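# Commentary on secondary and tertiary structure
Okay, here's what each chain looks like letter by letter:
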Amino acid sequence: NYWTLDYGFSDPFVCLDIGVDASDNVYVWREYQKRYQSTWEHGLYLRDRPNPEGFHIEGITGDPRGADEAATLALQGIHVDSEDLAKLDGEWSQGVEAVRRQLKLQPDGKPKLFIDRSCTELIRQMQGLRAREHKEEKNAKGIGRGAKEGQHDYDDHGPDALRYFHSWYFVLGRGASFS
């Protein structure tokens with residue numbers, strides 16, 4: 001089991017519980033998305049919530065821009081490994097590509113990414129994702145600089161957490177199996 005986090009206050013703080021099998025199938029089996037609480041309060045809840053028998057965490061990753069939030073969680077024994085994500089050139093596009101590969105139907109007719117029906121917020125957010133329109137940005141002299149890649153930054157904290165996990169597990173190779 002792995003946790004992947006995206007921090008928020010007015011936007012939700014997200015924790016996705018993810019299992020990965022020996023064939024690198026990814027199972028999002030539980031979500032936590034809550035607004036208007038401190039990182040400390042989220043950490044207390046996650047640390048103390050009921051879990052299935054034998055539950056343990058193999059690794060935790062999250063938003064690489066959340067050093068303060070990760071430090072707060074570490075005080076509660078929740079250690080987030082996201083430092084290398086910040087150094088990963090092209091993290092957004094590589095993470096999106098890793099998610100796309102898992103969503104693609106395989107020869108058996110099934111994807112390699114499964115989201116439990118109970119994860120209603122993540123499912124809703126995934127269905128609402130939209131890419132930014134590609135517009136050429138111009139500098140002060142009217143010379144094109146290219147558009148910044150990415151999705152619209154709205155109601156996307158669950159998908160962002162999923163992307164952080166895929167970047168960490170598959171792109172950086174933190175997973176036990178790496179196909």
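Rules used throughout
Residues numbered from 1 in each chain as written. Predicted model: local features only at pLDDT ≥ 70, side-chain atom pairs only at ≥ 80, totals over all residues. Heavy atoms only, no water. Salt bridge = Lys/Arg side-chain N within 4 Å of Asp/Glu carboxyl O. Helix = DSSP H or I, 4+ residues; strand = E, 2+ residues; numbered from the N terminus. Buried < 20%, exposed > 50% of the residue type's maximum accessible area, 1.4 Å probe, protein only. Arc of directions from axis to C-beta. Contact = heavy atoms within 4.5 Å.

Turning to the pattern of salt bridges, a few remarks are in order. In this structure the tally under the stated criterion is eleven salt bridges. Here glutamate 83 makes a salt bridge to lysine 87, at a shortest N to O gap of 3.4 Å. Of the two residues, glutamate 83 and lysine 87 both sit in helix α3 (residues 83–87), four residues apart, roughly one turn of that helix. In this pair, the class of glutamate 83 matches that of lysine 87, namely exposed. In this structure, the salt-bridge partner of lysine 87 is aspartate 84, at a minimum N-O distance of 4.0 Å.

Once that is clear, we can look at helix α1 (residues 39–48). When α1 is considered as a whole, its buried residues turn out to be Thr39, His42, Gly43 and Leu46. On an axial view of α1, the arc spanned by its buried residues comes to 100°, and they lie on one face. Each element contacted by the buried residues of α1 is listed here: β1 (2–6), β2 (13–20), β3 (26–34) and α2 (67–74).

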